[in-house]
Amino acid sequence: MNRECSNRECSLCCLFLVFFSVVSRGEVTREVDADLLIVGATESGWAAAIQAARQGVESIVIVHDGKWFGGQYTEQSLACVDENKGMDNKGWGVPWHPMKRAFYRSGLFKELMDGIEAVNLEKYGEKLPGKPFHGPSTFRPAEAEAVFRELISPYIESGQIEVFWKRCPVSVAVEKSAVKNVTFAPVDLQSGITGDQDLTVTAKMTIDASDWGDVIQLSGAAWECGPDPASRYGEPSAPKAGTFPENEMNPITWAMIVEEADAESPISKPKRYDDRNFPRATHFSRAAFRDLKWDVPNPGAGSILHWPPDGKASARQLSVYSVRRIVDGYSSLDKKTSILLNYMNGQDYPLERLPRHVVEALEATETGASKKNIVEMTRPQRQIIFDDAKNHSLSVLYHLQNFVHERAEERQNSFRKFRLSSEFGTSDNLPPKPYIRESLRLKAMYVIREQDGRNRDGETKVSAVPGFSHVMYPDGLFPWQFHYDFHRTGRTYLVEEGDTGPWIDYHKKNRHTKFISDRCLFPVRSLIPEAVDGLLGAQGNVGFSSIVSAAVRLHDQRVHIGQAAGAVAAFSLSRGMAPRAIPYSEQALHEIRYSLCNSGDAMGIPLLLWPFRDLDPQHPAFEAVNHLSIRRILDFDRTHVDFLPDEVAEEGWMSAALQKAGLSVSPPDSQTRGEFCRWLWEEVKKLPMAEDRIPAGDTDGDGIPDREDALLFTPNEPVVFSITVPELTPETDGIPPDDFSTFFNFDTSMTGKFDSAKGYGWTKSLKQNVRRRNALDGPRDTFVFTRTEDVWECQLDSGTYEVIVCVGDSGHEQKYQRVEVEGKAIVKNRSTPAGGFIEAPATVKVADGRLSIKIGSGASSSNTCVNWVAINPVR
């Protein structure tokens, strides 16, 4: 859904709103002037305020509709940290947890997490006390909020930052296409009802870090919500126009914190409770309700263990109990387990096809309200959805405490022994807000598209190898990487009961987690509205598509967005330069990046600018490497994601960097790569900057308007997604060697059971599992495949043999392929692109007269395709 209005209409509309508010609600009780107004004390708003304060902005006002700093960390109760993550298990992390992060923590996010983990260490005895299956970092929301507050308090106490709580915007004044002031009124988060306006803040710059883009909506700036059709941004996985309803979005979830109690503490039965809402919640639930008939066929099954067996709860393991456990009571100092329930197998709340009682309540407020996107709704209308989402989450807990408890033989870890945490200070002991995955999206100077950053090694992430993204924006400020993470956005009801009965969610087409980004940059243009001045986006209110928003919504990313917005605002205020001029100024970009990434103590821990995997902000070359990289002075291949700062610098590499920098000086002898960068950065800082470019609508003259041009200053064709066809080598072209004594081509003649007369065969017939693609010449065009596990053997004299097994498919990508020769794994869950192969060698001993080759992993979606086998005895 696209929302736009002209600048003139915007100004008249917003000035009228101010006039109407004053007349109808009484006089404004307080007027405040500030350099910078930040709407929303979310993690983005918090970070923006601290960054701007550190850069010297003298007067900063934060206005928030709640009473806590921290957004999804605190008010939304997302107490198990999600961070940038790549496609492999390499990167920053702890030894006991397999989930590794794409980058080292940096910037304000690292300062925050260091503070949170210090609290954990003191109170629970461990920095990471939860041992969650997901994670590994966890915290109690109230304790995290205290860390947010501690980090910002010096600026509040000095008077540099002033905070107003429990207020929301009700009008925005715009003059000459720029935001002039914002007027606020008290708001009750439990009802969504606002009171009489009582505050107007006039500021030179405003950052909208609110949950739903309140200022952007009221200002008349262009924005979007709901699904982006493929025709809008040309994204490869976007739906066709009109196929998804306008209120389809990543679902909300009302998370819950439960803590171990001294006695059983079951909750009261929620309204409209029905166990049939939860066929995926646990294995017990799935067994009971697997045969229910839903009006969307095959919505998907799947379930996990309810809680660990008695006496075995402490270890990291997959169960509802431990997937996002915050504190493991068996090993913590306080001996009390606490758990985050934010569970996609039953707790998410889709925003389309709402239940009838919700529809009726919405329609009673306004005809057509039930079809509106939640972004467009009034606060009382949203509250109707929120109340039902709360009830749904409580029903999940009730299901665990009753239906599951009654069927479990071992109950030492039963959820009946847990109570809702009272740390939020709410009447229902639930967090004050839901977890909001997707919100309003700013129509910015540039909208980040899926094809700019999606990995191109294959159709899905199983084929992906680490690398920098196809587009590396010239105005990037910080890196990000994640899969395009859509929870189930669809809702389906029982066939016989329709929208008055139970429902479950389901994955709509291309709304899943199978696609992943490469190592991307976030451009400054995506913070800046297309037309309205004096306004920047933050939190989720920035310039990206719906698809990209699913990958840029994590704990660290939202802090980085806020920190970047604060840096842009501070620079704009100090230099008198409008934000929309910044992308065209090398000097401006450098100063903003330097404010984010420098080793000075006053600016805190420096922020990563370029998406290297191995750069720790504590490394002495961190600042230099980042700045030289983002200015494209250093030379590296797309897949060289580790910078290796402590390796010896090669002469050719140093010469290339000096040439790109335009320097003719000689570097000192015998340096590491990091040492060379530190020296080079000092030399580069002495050089004059290029003159500012003048925006021309199509600045690089390539026929692509600047607002559509990912590469603003490099003539290029429109960015279109396509799978990268790898350059084939002798090890990947599938062409067999000609110097092997024994060779088997796996075609239709190679599908039978073992035949002693032939001397080879399978342990069972694979007659149906053979294909010829007619795509390539020779034996690489045919294959025998398995989606489970199968064994092929051939008679050989006892001895040592060289064996090559070729797997792949000349026509299609194949995933999770596995091959073992005589028990030795030579292909381990590897994928091949269409027309690409793996020729895996092995030297093995045959002792029983038969060479044994086992293919397949049995993993979901796996398909191992054997093209040929070549064998030579070792003389």
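To be clear, the structure that these remarks concern was listed above.
Here is a short report on the structure shown in this document.

What counts and how
- Residues numbered from 1 in each chain as written.
- Predicted model: local features only at pLDDT ≥ 70, side-chain atom pairs only at ≥ 80, totals over all residues.
- Heavy atoms only, no water.
- Helix = DSSP H or I, 4+ residues; strand = E, 2+ residues; numbered from the N terminus.
- Rg over C-alpha atoms; globule rule 2.2 N^0.38 Å.
- Buried < 20%, exposed > 50% of the residue type's maximum accessible area, 1.4 Å probe, protein only.
- Disulfide = S-S within 2.5 Å.
- Pairing = 2+ DSSP bridges.
- Axes fitted to C-alpha atoms, helices over the stretch in contact; angles between N-to-C directions.
- Polar contact = N/O pair within 3.5 Å; in protein donor to acceptor, adjacent residues only side chain to side chain.
- Contact = heavy atoms within 4.5 Å.
- Salt bridge = Lys/Arg side-chain N within 4 Å of Asp/Glu carboxyl O.
- Phe/Tyr/Trp six-rings, centres within 6.5 Å; stacked < 30°, edge-to-face > 60°.
- Parallel < 35°, antiparallel > 145°, perpendicular 65-115°, else oblique.
- Left-handed = near helix turned anticlockwise from the far one by under 90°.
- Patch = residues over 30% accessible without salt bridge, like charges linked within 9 Å, V, L, I, M, F, W, Y side chains within 5 Å.
- Areas by Shrake-Rupley, 256 points an atom, 1.4 Å probe, with all protein chains shown as cover.
- Lys, Arg positive; Asp, Glu negative; His and termini not counted.
- Charge placed at Lys NZ, Arg CZ, Asp CG, Glu CD.
- Expected span 1.5 Å × (residues − 1).

### A few points about the overall build of the chain
Consideration 1: A tally of regular secondary structure across the chain gives 16 helices and 29 strands.
Consideration 2: Taken over C-alpha atoms, the radius of gyration comes to 29 Å for the chain, in line with the 29 Å a tight globule of 875 residues would show.
Consideration 3: The principal-axis extent of the C-alpha atoms belonging to the chain is close to 100 × 80 × 55 Å.
Consideration 4: Looking at the chain as a whole, 60% of its 875 residues are labelled buried.

### Focus: the state of the cysteines
Consideration 1: In total, this model carries 0 disulfides according to the counting rule given.
Consideration 2: No disulfide involves Cys-597; its sulfur sits 12 Å from the nearest other cysteine sulfur, which is in Cys-677.
Consideration 3: Its relative accessible area of 0% is what places Cys-597 among the buried residues.

### Considerations on the sheet that holds strand 20 (residues 760–762)
Consideration 1: In space, the 5 strands of this open sheet follow the order 20-23-28-25-26, with antiparallel pairing throughout. Lying at the two open borders of the sheet, with one neighbouring strand each, are strand 20 and strand 26 (824–832). Taking each pair of neighbouring strands and ignoring which way they run, the sheet shows an average axis angle of 15 degrees.
Consideration 2: Two strands pair when backbone bridges link them, and strand 25 (residues 814–821) and strand 28 (residues 850–855) are joined in this way by 3 bridges, in the antiparallel orientation. Looking at strand 28, one finds that Glu-820 is bridged to Lys-854.

### Some thoughts on the side chain of Glu-75
Consideration 1: Mapped onto the elements, Glu-75 comes out in the loop between strand 3 (60–63) and helix 3 (107–124).
Consideration 2: A distance of 3.3 Å separates a polar atom in the side chain of Glu-75 from a polar atom in the side chain of Lys-433.
Consideration 3: Setting aside its immediate chain neighbours within four residues, Glu-75 contacts His-64, Gly-66, Lys-67, Trp-68, Pro-431, Pro-432 and Lys-433.

### What to know about the pattern of salt bridges
Working definition: two side chains of opposite charge can pair if their charged atoms are close together.
Consideration 1: Counted according to the given criterion, the structure contains 60 salt bridges.
Consideration 2: Two residues, Arg-353 and Asp-295, come together in a salt bridge whose shortest N-O distance is 2.9 Å. With Arg-353 in the loop between strand 11 (338–341) and helix 8 (356–365) and Asp-295 in the loop between helix 7 (283–289) and strand 10 (325–327), this pair connects stretches of sequence that are 58 residues apart.
Consideration 3: What makes Asp-295 partly exposed here is its relative accessible area of 34%.
Consideration 4: When the shortest N-O distance is used, the salt bridge between Asp-809 and Arg-773 registers 2.8 Å. Remark: Arg-773 occurs in the loop between strand 21 (770–772) and strand 22 (782–786) and Asp-809 occurs in the loop between strand 24 (799–808) and strand 25; sequence separation between them is 36 residues.

### Overview of unusual backbone geometry
Backbone phi values are negative for most residues with the exception of glycine, while trans is the configuration of most peptide bonds.
Consideration 1: A cis amide bond links Gly-135 to the next residue, Pro-136, at an omega of 20 degrees.
Consideration 2: By the element assignment, Pro-136 lies in the loop between helix 3 and helix 4 (141–157).
Consideration 3: Phi at Lys-166 takes a positive value of approximately 55 degrees, unusual for a residue other than glycine.
Consideration 4: Position of Lys-166 among the secondary structure elements: in the loop between strand 4 (161–164) and strand 5 (167–175).
Consideration 5: Of note, the phi angle at Ser-670 is positive, near 50 degrees, even though the residue is not glycine.
Consideration 6: Residue placement: Ser-670 occurs in the loop between helix 15 (651–661) and helix 16 (673–684).

### Concerning the packing of aromatic side chains
Consideration 1: One pass over the full model with this rule turns up 33 aromatic pairs.
Consideration 2: Ring plane angle 75 degrees and centroid distance 4.8 Å describe the contact between Trp-46 and Phe-148, whose orientation is recorded as edge-to-face. Within this pair, whereas Trp-46 is found in helix 2 (residues 43–54), its partner Phe-148 is found in helix 4, the two being separated by 102 residues in sequence.
Consideration 3: We classify Phe-148 as buried; its relative accessible area is 0%.
Consideration 4: Pairwise contacts between aromatic rings join Phe-468, Trp-610, Phe-612, Phe-636, Phe-643, Trp-653, Phe-676 and Trp-679 into one cluster.

### Regarding the packing of helix 8 against helix 9 (residues 379–407)
Consideration 1: Helix 9 packs onto helix 8 with a crossing angle of 165 degrees between their chain directions and a minimal axis gap of 9 Å. The orientation of helix 8 with respect to helix 9, classified from their angle, is roughly antiparallel. When the axes of helix 8 and helix 9 are compared, the crossing they make is right-handed. Of the residues in helix 9, those touching helix 8 at His-357, Val-358, Ala-361, Leu-362 and Thr-365 are Gln-381, Ile-384, Ile-385 and Asp-388.

### Concerning the sheet that holds strand 11
Consideration 1: Pairing is antiparallel across the open sheet formed by 4 strands, whose spatial order is 10-11-9-12. Looking along the sheet, the strands with just one partner apiece sit at the ends: strand 10 and strand 12 (418–420). Taking each pair of neighbouring strands and ignoring which way they run, the sheet shows an average axis angle of 30 degrees.
Consideration 2: One ladder, built from 3 bridges, connects strand 9 (residues 256–260) with strand 12; its direction is antiparallel.

### A word on helix 13 (residues 586–596)
Consideration 1: Considered for burial, the residues of helix 13 that qualify are Ala-588, Leu-589, His-590, Ile-592, Arg-593, Ser-595 and Leu-596.
Consideration 2: The inward-facing, buried residues of helix 13 contact helix 2, strand 14 (476–480), helix 12 (555–575), helix 14 (622–630) and helix 16.

### With respect to the side chain of Gln-160
Consideration 1: Checked against the element boundaries, Gln-160 lands in the loop between helix 4 and strand 4.
Consideration 2: Its relative accessible area of 16% is what places Gln-160 among the buried residues.
Consideration 3: Among the polar contacts listed, one links the side chain of Gln-160 to the backbone oxygen of Val-57, at a separation of 2.7 Å.
Consideration 4: In this structure Gln-160 touches Ala-53, Gly-56, Val-57, Glu-58, Ser-59, Ile-60 and Tyr-155, once residues within four positions along its chain are discounted.

### Looking at a negative patch on the surface
Consideration 1: Taken together, Asp-646, Glu-647, Glu-650 and Glu-675 make up a surface patch of like negative charges.
Consideration 2: In this fold, Asp-646 is placed in the loop between helix 14 and helix 15.

### A word on helix 2
Consideration 1: Here helix 2 contains 12 residues, and its C-alpha end-to-end distance of 17 Å stays within 8% of the 16 Å for a straight helix at 1.5 Å per residue.
Consideration 2: Summarising burial for helix 2: 12 of the 12 residues are buried, a large majority.
Consideration 3: Restricting attention to buried positions, one finds in helix 2 the residues Glu-43, Ser-44, Gly-45, Trp-46, Ala-47, Ala-48, Ala-49, Ile-50, Gln-51, Ala-52, Ala-53 and Arg-54.
Consideration 4: A positive backbone phi angle near 100 degrees is found at Gly-56, which sits one or two residues after helix 2.

### Remarks on the pairing of strand 26
Consideration 1: Pairing of strand 25 with strand 26 involves 5 bridges; the strand directions are antiparallel. Bridging across to strand 26, Glu-820 finds its partner in Ala-825.
Consideration 2: Count of turn residues in the strand 25/strand 26 antiparallel hairpin: 2 residues, of which Glu-822 carries a positive phi of about 50 degrees.

### Some details on the environment of Gln-481
Consideration 1: Checked against the element boundaries, Gln-481 lands in the loop between strand 14 and strand 15 (490–493).
Consideration 2: A sequence separation of 14 residues divides Gln-481 from Val-495, and the C-alpha atoms of the two residues are 40 Å apart.
Consideration 3: Setting aside residues up to four positions removed in sequence, Gln-481 forms contacts with Asn-84, Lys-85, Gly-86, Met-87, Ala-102, Phe-103, Ser-517, Asp-518, Arg-519 and Gln-557.

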